[in-house]
Amino acid sequence: MKPIRAQQSLVQLEASGPPAEMIFGEWYPALRAERLRKGDTAVTTLLGIPVLVGRKSDGALFAMRDLCPHRGIPLSAGWFDGETVQCKYHGWRFEPCSGRCEEIPSLTSFDDLAPTKIYANSFPVAERDGYAWVYVPEAGAGRVTLNDDLPPVPELPKFSARYRSAHLTAELPCNVDHGIIGLMDPAHGPFVHRAWWWRSAASIHEKTKKFEPIENGFRMSAHAPSSNSAPYKLLGKPVTTIDFVLPNRRYETIVAEKNGKRRWFASLTTVTPVTATSCRIDVYAAWNIAYWVPLVTPIATYFGAKFVQQDQQTMIEQARGLRSNPGLMLIDDADKPAKWYFALKQRRLKGEGEHPLSGPVELHWRS
């Protein structure tokens, strides 16, 4: 059997600052599924829960709480043979997709305990856009499976059969709320993302955008993308739509029609709570612009990584200030999306309240 190797993130160990409430009963990206070949496992943390993710010999993904229900040792300390996970402490063996116990080696003919009536905590898991998405249920929800009435697994919209794609990830030493409002902040671009290939300080100008409510979120209505963002010019005259959907998803689609052909770019960015004080940003993007060019993906990944690293560095620097839990402020109009997010989150956590947008609104800011 293959020993399971557990690794702990440096950011997870060092993160500090004010904690945030986390939203359970949702799908979260655990890790890139391509990391898991048949018989492989990996350990990650979602919403403060250590999760053992793996792929069985038949290709099926599984996700289990990294904890043996017998005496509490992490299952990642044990072994995985491609079919079952075995605990290192007493050898209890579990079918990982269901969590069902298949064997308790210490039992004798004098025992009447049926191992198959015991379950380790397993989570529904699905593969979409190259990620292993794990559904993290509410506390006390009992055993939840893919056959239950779960929300749809998130997926990036694509607009043609042929396209290229890339993914990026970065850990942030701040709570999920700060990660998310940084994600939707429209005013930081010329400062955090200042670069010759993106924007300059001199490019700042006044902008007007329309927003509208959608289920569990809000939409920046279809509009021409920022004229001071150089890469958008490659598309000609595109139309952009940006959606934010609870608990943590930002969808952006950019579509342009020219000579009867559709050129498009789409991205799904998520900010996943790792613990109450740390989070992880994942970006998955797809496009059909010059998809046949061999170097287009590594070039796009290179510049995309620079973009995400700028956000990461800013969050690392912000985390130093947040350690003392200072009072902060949100202003209108540039911080209005952040206010909507907090209102939507509280509505979700309390299970009551009105949507913060009663209808379409128009916001103004300079960036």
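Okay, so let's go over this structure. Quick caveat: nothing in here was measured; it's all calculated off a predicted structure.

Okay, the overall build of the chain next. Scanning the chain for helices and strands turns up five helices and 20 strands. Counting the 367 residues in the chain, one finds 50% classified as buried. By sequence separation, contacts in the chain at least 24 residues apart represent 60% of the contacts at least 6 residues apart.

Compared with an ideal rise of 1.5 Å per residue, which puts 15 residues at 21 Å, helix H5 (residues 336–350) spans 21 Å between its outermost C-alpha atoms and is within 8% of the ideal. Within H5, the full set of buried residues consists of Pro 337, Ala 338, Trp 340, Tyr 341, Leu 344 and Lys 345. One face of H5 carries all of its buried residues, which in axial projection span an arc of 155 degrees. Residues of H5 that are buried make contact with helix H2 (176–184), strand S14 (206–214), strand S15 (217–223), strand S16 (239–245) and strand S20 (361–366). After H5 finishes, the residue Gly 351 shows a positive phi value of roughly 75 degrees.

Turning our eyes to something else, we now look at the packing of H2 against H5. Remark: H2 packs on H5, axes separated minimally by 9 Å, with the N-to-C direction vectors making an angle of 140 degrees. As far as their axial angle goes, H5 and H2 are oblique. The two elements H2 and H5 cross, and the hand of that crossing is right-handed. Between H2 and H5, the residues in contact are Val 176, Asp 177, Ile 180, Ile 181 and Met 184 and Pro 337, Ala 338, Tyr 341, Phe 342 and Lys 345, respectively. Classifying every residue of the contact of H2 with H5 gives eight nonpolar, no polar and two charged.

Any aromatic ring pair is given by two values, namely how distant the centres are and how the planes are angled relative to each other. All chains considered together, the criterion is met by 13 aromatic pairs. Ring centres of Trp 27 and Tyr 135 lie 5.6 Å apart, and the angle between their planes is 65 degrees; this geometry places the pair in the edge-to-face category. A residue pair is termed long-range when its members are at least 10 positions apart, and Trp 27 in strand S2 (residues 26–32) and Tyr 135 in strand S12 (residues 131–136) qualify at 108 residues. With a relative accessible area of 1%, Trp 27 lands in the buried category. The exposure class assigned to Tyr 135 is buried, which follows from its relative accessible area of 10%. Grouped by ring-pair contacts, the aromatic residues Phe 211, Phe 218, Phe 244, Trp 340, Tyr 341, Phe 342 and Trp 365 constitute a single cluster. Between the NZ or CZ atom of Arg 32 and the centre of the ring of Tyr 131, over which it lies, the distance is 4.5 Å. Across the ring face of Tyr 119, the terminal group of Arg 143 is positioned such that the distance to the ring centre comes to 3.8 Å.

Moving on to the environment of Pro 213. With respect to the helices and strands, the residue Pro 213 is situated in strand S14. Beyond its immediate sequence surroundings of up to four residues, Pro 213 is in contact with Phe 218, His 355, Leu 357, Gly 359 and Pro 360.

With that settled, the discussion passes to the pairing of strand S5 (residues 61–65). Burial analysis of S5 places four of its five residues in the buried class, the great majority of the element. Pairing analysis gives five bridges linking strand S4 (residues 49–55) to S5, with the strands arranged antiparallel. Its bridge partner being in S5, Val 53 is matched across the sheet by Ala 63. From the end of S4 to the start of S5, which pair antiparallel, there are five residues, and Gly 59 there has a positive phi angle of about 95 degrees. With two bridges connecting them, S5 and strand S10 (residues 122–123) associate as antiparallel partners.

What follows deals with the state of the cysteines. Two cysteines joined by a covalent bond between their sulfur atoms form a disulfide. For the structure on display, the rule yields zero disulfides. In this model Cys 101 remains outside any disulfide bridge; the closest cysteine sulfur is found in Cys 68, 7.9 Å from its own. There is no disulfide at Cys 174, and the cysteine sulfur nearest it, in Cys 279, is 4.0 Å away.

One pass over the structure, following the stated rule, counts 16 salt bridges. Measuring nitrogen to oxygen at the nearest pair gives 2.9 Å for the salt bridge that ties Arg 250 to Glu 252. Neither Arg 250 nor Glu 252 differs from the other in exposure class; each is buried. Several salt bridges converge on common partners, so that one network encompasses Glu 26, Arg 249 and Arg 348.

Turning our eyes to something else, we now look at the sheet that holds strand S3 (residues 41–46). Strand order across the open sheet formed by four strands is S3-S4-S5-S10, with antiparallel pairing between neighbours. Every other strand in the sheet has two partners, leaving S3 and S10 as the edge strands with one partner each.

Analysis parameters
Residues numbered from 1 in each chain as written. Predicted model: local features only at pLDDT ≥ 70, side-chain atom pairs only at ≥ 80, totals over all residues. Heavy atoms only, no water. Helix = DSSP H or I, 4+ residues; strand = E, 2+ residues; numbered from the N terminus. Buried < 20%, exposed > 50% of the residue type's maximum accessible area, 1.4 Å probe, protein only. Contact = heavy atoms within 4.5 Å. Expected span 1.5 Å × (residues − 1). Arc of directions from axis to C-beta. Axes fitted to C-alpha atoms, helices over the stretch in contact; angles between N-to-C directions. Parallel < 35°, antiparallel > 145°, perpendicular 65-115°, else oblique. Left-handed = near helix turned anticlockwise from the far one by under 90°. Nonpolar A, V, L, I, M, F, W, Y, C, P; charged D, E, K, R; others polar. Phe/Tyr/Trp six-rings, centres within 6.5 Å; stacked < 30°, edge-to-face > 60°. Lys NZ or Arg CZ within 6 Å of the ring centre and 35° of its normal. Pairing = 2+ DSSP bridges. Disulfide = S-S within 2.5 Å. Salt bridge = Lys/Arg side-chain N within 4 Å of Asp/Glu carboxyl O.

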